[in-house]
Amino acid sequence: MKEKTLVLIKPDAFEKNHTGEIIAIYEKKGLKLCAMKLMQMTKRVAQKHYAEHIGRPYYEELESFMTSAPLVAMVLEGDDAIARVREINGKTNPAEAAEGTVRRLFAESVGKNAVHASDSPESAAREIAIFFSEIEIFD
Ligand code: IDP
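Residues numbered from 1 in each chain as written. Predicted model: local features only at pLDDT ≥ 70, side-chain atom pairs only at ≥ 80, totals over all residues. Heavy atoms only, no water.

**Q** Quick one: what's the story with the side chain of Thr5, residue by residue and with numbers?
**A** Relative to the helices and strands, Thr5 resides in strand E1 (residues 2-9). Residue class for Thr5 comes out buried when judged on its relative accessible area of 0%. (Helix = DSSP H or I, 4+ residues; strand = E, 2+ residues; numbered from the N terminus. Buried < 20%, exposed > 50% of the residue type's maximum accessible area, 1.4 Å probe, protein only.)

**Q** Just give me the short version of the pairing of strand E3 (residues 71-79), but keep the residues and values in it.
**A** Along any regular strand, the residues point their side chains to alternate faces of the sheet. Buried residues dominate E3, accounting for 8 of its 9 residues. Of the pairings in the sheet, the one linking E1 to E3 comprises 8 bridges and is antiparallel in character. Across the sheet, residue Thr5 finds its bridge partner in E3, namely Leu76. Examined bridge by bridge, strand E2 (residues 32-39) and E3 share 7 bridges and lie antiparallel to one another. Within E3, the residue paired with Leu38 across the bridge is Val72. (Pairing = 2+ DSSP bridges.)

**Q** Outline the UniProt feature "binding site: ATP" (unreviewed entry) in the chain, listing residues and values.
**A** When the UniProt feature table is mapped onto this chain, "binding site: ATP" (unreviewed entry) is found at Lys10, Tyr58, Arg86, Thr92, Arg103 and Asn113. Structurally, Lys10 is set in the loop between E1 and helix H1 (11-15). Look at Lys10 and you get buried, because its relative accessible area is 4%. Non-local contacts of Lys10, meaning those with residues more than four positions away in its chain, are made with Tyr50, Phe65, Met66, Leu71, Arg103, Gly111, Asn113, Ala114, Val115 and His116. (UniProt positions renumbered as here; feature names shortened; annotations may be inferred. Contact = heavy atoms within 4.5 Å.)

**Q** Which residues make up the pattern of salt bridges, and what values do they have?
**A** Pairs can form between side chains of opposite charge whenever their charged atoms are close. As enumerated under the stated definition, the model contains 6 salt bridges in all. With a shortest N-O distance of 2.6 Å, Asp139 and Lys4 are connected by a salt bridge. Remark: Lys4 occurs in strand E1 and Asp139 occurs in the segment after helix H7 (121-131); sequence separation between them is 135 residues. Residue Glu99 is joined to Arg104 by a salt bridge in which the shortest nitrogen-to-oxygen separation is 3.0 Å. Since its relative accessible area comes to 65%, Glu99 is described here as exposed. For Arg104, a relative accessible area of 37% translates into the label partly exposed. Beyond isolated ion pairs, a larger network of salt bridges with shared partners links Lys4, Glu77 and Asp139. (Salt bridge = Lys/Arg side-chain N within 4 Å of Asp/Glu carboxyl O.)

**Q** Can you explain the UniProt feature "domain: Nucleoside diphosphate kinase-like" (unreviewed entry) in the chain? Please cite residues and give values.
**A** In this numbering, the UniProt entry assigns the feature "domain: Nucleoside diphosphate kinase-like" (unreviewed entry) to residues 2-139. As annotated, residues 2-139 comprises 40% helix and 20% strand, and the C-alpha atoms at either end are separated by 11 Å.

**Q** Just give me the short version of the site of the ligand, but keep the residues and values in it.
**A** Every residue lining the ligand is accounted for by Lys10, Tyr50, His53, Tyr58, Glu61, Leu62, Arg86, Thr92, Arg103, Val110, Gly111 and Asn113. Between the ligand and Lys10, the relevant distance is 3.0 Å, taken from an oxygen atom to a side-chain nitrogen or oxygen of the residue. Within the side chain of Thr92, one N or O atom sits 2.6 Å away from an oxygen atom of the ligand. Relative to its unbound accessible surface of 530 Å², the ligand loses 78% to contact with the protein. Residue composition of the shell around the ligand, grouped by class: 4 nonpolar, 4 polar and 4 charged. (Near = heavy atom within 4 Å. Polar contact = N/O pair within 3.5 Å; in protein donor to acceptor, adjacent residues only side chain to side chain. Areas by Shrake-Rupley, 256 points an atom, 1.4 Å probe, with all protein chains shown as cover. Nonpolar A, V, L, I, M, F, W, Y, C, P; charged D, E, K, R; others polar.)

Have a look at this one:
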């Protein structure tokens, strides 16, 4: 089934010039870019995007990292895109991420872990709507 998922290339990976390499990984796996922008998260957007994490011990660190510098937001489309992109990205903690995954290749820590991807159809729909308007998404 064709799905859309929200992917963020987080400030750590963007600053280290890994954007092109990461996008190439997705494209080579057959995922299609259907929206993309360079932007900096405000605290408000971070609180909306990571609403379920507010109050957790790492939240302040997460918000300050995600708002610290520009990031690349994109929507990727493909068969089973939500699960596939999460598999391509690897586990949250890069030390546990499988060989060849984006996080194993580019993440520096559990917090600064290079990429975000939606984890369910509900979160994909919710997150895409935070970052993109209808006219910015191409089928
Ligand atoms: P995910 O990004 O792999 O879906 P989540 O558990 O949903 O992982 O956590 C969201 C983000 O919060 C992570 O990608 C990471 O940047 C940050 N995070 C999660 N747990 C920790 C932690 O223990 N310390 C610091 N940051 C964390």
